[in-house]
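Here's the letter readout for the chains.
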Amino acid sequence: MRDFVVVGAGPAGSRFARSAADAGHDVLVLESGEIGRPLACSGHVSLDIWDFTPDSARDDLFQNDIYGARFHLGGADSEAHRFYKDEPVSNAIDRVGLDKTLARCAEDAGAEVRDGYTVTAVDEKPGGVKVTASGPDGVETFEARMVCGADGPRSRVRDEVGLPEPEELLHGVLGFDFEPDHQDFVDVHLTVPRFFAWRIPRGDSGVEYGLAVRPGDDAPQRFDDLVADYDADIDKRCSGAIPIGPPERTVGKRSFLVGDAAAQTKPFTGGGILYGMRAADVAAREIDPRQPATLDDYERAWRDELRNDQRLGSLVRAGYSMPRPIQKVGMRAFSGEIAVHMDRPTSLFSKAQLRALLSWD
């Protein structure tokens, strides 16, 4: 019997597998398809991403330095309110390559990673769990003391063990124009109800366009309107669900969720790569596979880790739906040089940010 079966080899699942294996646990990771595909997540990340990868990975994953954002209340030619730093605030990276890198890190730590295994059932028992999956050689069953659901916003593990769903699932659409673009600002358009649309230059790799809306709000048409406004030639597109708002509970009797399955995401952007990996490290630290009571320790600890940033992130998102005159006032008040960390809304109240707001430069 293994200590953990991890379902899903995205950033959160691979990070947990790596950290748990480093701690001496026997870990098996099951990924339903090819690791990193299909792509359903933006490749725009904070610089903190490099704390979770080997030093050598940056050369392969890096695409572009981003120094700030231009916020728009209209289309591509509308007035741009610039928020920036004099040094990079984020990077555009190879998102598929990131998943593959993190999975290799898990293997290097001692975890076994298998792709092509679609989990069809999870059965929690008093002494452990039984995970059934359809793989290259047919149906197989794996036994472990615990199962980690890292299988995304529509988690099969979550459904199988009866845990509640996230508060909200947005419909996200991504598209890529492969014409090189070395601009160093992203464009953010507050023209999508209750969320936003974006344009991210990726250097030699081209440009990423995207948006997210509530289900039923015709995301494909809104996306077509966005790229037409920029006169972009989209060579590839993909879509997926974006979870916002953690469910009331993320642990079962012998099960727990990490990453998008637990809606460990930023309410104001939907991004979850860094939040999910932070929570994965908390899980590896708090959970003893031989002691089911430690699942509650994980539940408390990950919420403590992310609570303030998620709460403030919800307030930031509320600003997307403010009346246009109020949005204009806010843009003018905050535009200019900033000292805000894109993954930590609490930095809005840092001394550095207050100094930037009060600066006369």
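This report concerns the structure included in the present document.

1. Points about the nonpolar core
(1) Moving on: Phe 4, Phe 16, Val 27, Phe 256, Val 258, Ile 287 and Tyr 298 are the most contacted members of the largest nonpolar core, which has 33 residues in total.
(2) Moving on: Those elements giving two or more residues to this core turn out to be strand 1 (2–7), helix 1 (11–22), strand 2 (27–31), helix 3 (95–108), strand 11 (138–149), helix 6 (273–286) and helix 7 (294–318).
(3) Moving on: Of the residues forming this core, the biggest block, 6 residues, is contributed by helix 6.
(4) Moving on: Excluding residues that lie within four positions of it along the chain, Tyr 298 makes contacts with Thr 250, Val 251, Phe 256, Leu 257, Val 258, Gln 264, Ala 279, Val 282, Ala 283, Glu 286 and Ile 287.
(5) Moving on: Ile 66, Ala 69, Phe 176 and Ile 244 belong to the second-largest nonpolar core, a separate cluster that totals 24 residues.

2. Brief notes about the environment of Gly 313
(1) Moving on: Secondary-structure assignment places Gly 313 in helix 7.
(2) Moving on: Relative accessible area serves as the criterion here: at 0%, Gly 313 is assigned to the buried category.
(3) Moving on: Through-space distance from the C-alpha of Gly 313 to that of Arg 18 is 28 Å; in sequence the pair is 295 residues apart.

3. A short note on the pattern of salt bridges
(1) Moving on: Counted under the stated rule, the structure contains 23 salt bridges.
(2) Moving on: In this structure, Arg 114 engages Glu 112 in a salt bridge whose closest nitrogen and oxygen atoms are separated by 2.7 Å.
(3) Moving on: Connected through salt bridges with shared partners, the residues Arg 2, Asp 26, Glu 112, Arg 114 and Glu 140 form a single ionic network.

4. A short note on the sheet that holds strand 4 (residues 62–66)
(1) Moving on: Spatially, 3-7-4 is the arrangement adopted by the 3 strands of the open sheet, whose pairing is antiparallel. Edge positions in the sheet fall to strand 3 (44–46) and strand 4, since each of these pairs with one other strand and no more. Ignoring which end each strand starts from, the neighbouring axes of this sheet average 35 degrees apart.
(2) Moving on: Bridging between strand 4 and strand 7 (residues 90–93) involves 4 bridges; their strand directions are antiparallel. Its bridge partner lying in strand 7, Phe 62 is registered against Ile 93.

5. Considerations on unusual backbone geometry
(1) Moving on: Phi is positive for Asp 218, close to 55 degrees, though the residue is something other than glycine.
(2) Moving on: Structurally, Asp 218 can be placed in the loop between strand 15 (207–213) and helix 5 (219–229).
(3) Moving on: On the accessibility criterion, Asp 218 (45% relative accessible area) is partly exposed.
(4) Moving on: Positioned with a positive phi, Asp 231 is a non-glycine residue whose angle comes to about 55 degrees.
(5) Moving on: By the element assignment, Asp 231 lies in the loop between helix 5 and strand 16 (236–244).

6. Overview of the sheet that holds strand 18 (residues 336–337)
(1) Moving on: Pairing in this open sheet of 8 strands is mixed, and the strands run 16-12-15-14-13-5-6-18 from one edge to the other. Bordering the open sheet on either side are strand 16 and strand 18, each of which pairs with just one other strand.
(2) Moving on: One ladder, built from 5 bridges, connects strand 14 (residues 197–201) with strand 15; its direction is antiparallel. Across the sheet, the residue bridging to Arg 199 is Tyr 209, located in strand 15.
(3) Moving on: On the sheet, helix 5 packs against strand 12 (168–177), strand 13 (185–189), strand 14, strand 15 and strand 16 and is oriented at approximately 145 degrees with respect to strand 15.

7. So, the packing of helix 1 against helix 3
(1) Moving on: Two elements in contact, helix 1 and helix 3, have axes separated by 8 Å at closest approach and are oriented at 20 degrees. The orientation of helix 1 with respect to helix 3, classified from their angle, is roughly parallel. The handedness of the crossing between helix 1 and helix 3 comes out as left-handed. On the side of helix 1, the interface is formed by Pro 11, Ser 14, Ala 17 and Arg 18, while helix 3 contributes Arg 95, Asp 99, Leu 102, Ala 103, Cys 105 and Ala 106.
(2) Moving on: Across the contact of helix 1 with helix 3, the residue classes tally to 6 nonpolar, 1 polar and 3 charged.

Thresholds, definitions, all that
- Throughout this description, residue numbers start from 1 for each chain and increase along the sequence as written.
- This being a predicted model, a pLDDT of at least 70 is required before a residue's local features are given, and a value of 80 or more before pairs of side-chain atoms are given or counted; all residues contribute to the totals for chains, interfaces and linings.
- Excluded from the side-chain calculations are hydrogens and water; all other atoms, namely the structure's heavy atoms, are used.
- The definition of a nonpolar core used throughout is a set of buried Ala, Val, Leu, Ile, Met, Phe, Trp, Tyr and Cys residues joined through side-chain atoms within 4.5 Å.
- Type-normalised accessible area, obtained with a 1.4 Å probe on protein chains alone, sets the label of each residue: buried when under 20%, exposed when over 50%, and partly exposed for intermediate values.
- Here a helix means four or more residues in a row that DSSP labels H or I, a strand means two or more in a row labelled E, and each is numbered from the N terminus.
- The contact criterion used throughout is that any non-hydrogen atoms of two residues lie within 4.5 Å.
- One side-chain nitrogen of Lys or Arg within 4 Å of one carboxyl oxygen of Asp or Glu is enough to make a salt bridge.
- In this description, strands pair whenever DSSP reports at least two bridges between them.
- As a rule, the C-alpha atoms of each element are fitted with a line to give its axis, helices using only the stretch in contact, and angles between N-to-C directions run from 0 to 180 degrees.
- In what follows, roughly perpendicular refers to angles from 65 to 115 degrees, roughly parallel to angles under 35, roughly antiparallel to angles over 145, and oblique to any angle outside these ranges.
- In this scheme the handedness of a crossing depends on how the near helix is turned from the far one: anticlockwise by less than a right angle means left-handed, clockwise means right-handed.
- As a working rule, the residues Ala, Val, Leu, Ile, Met, Phe, Trp, Tyr, Cys and Pro are called nonpolar, Asp, Glu, Lys and Arg charged, and the rest polar, with Gly in that last group.

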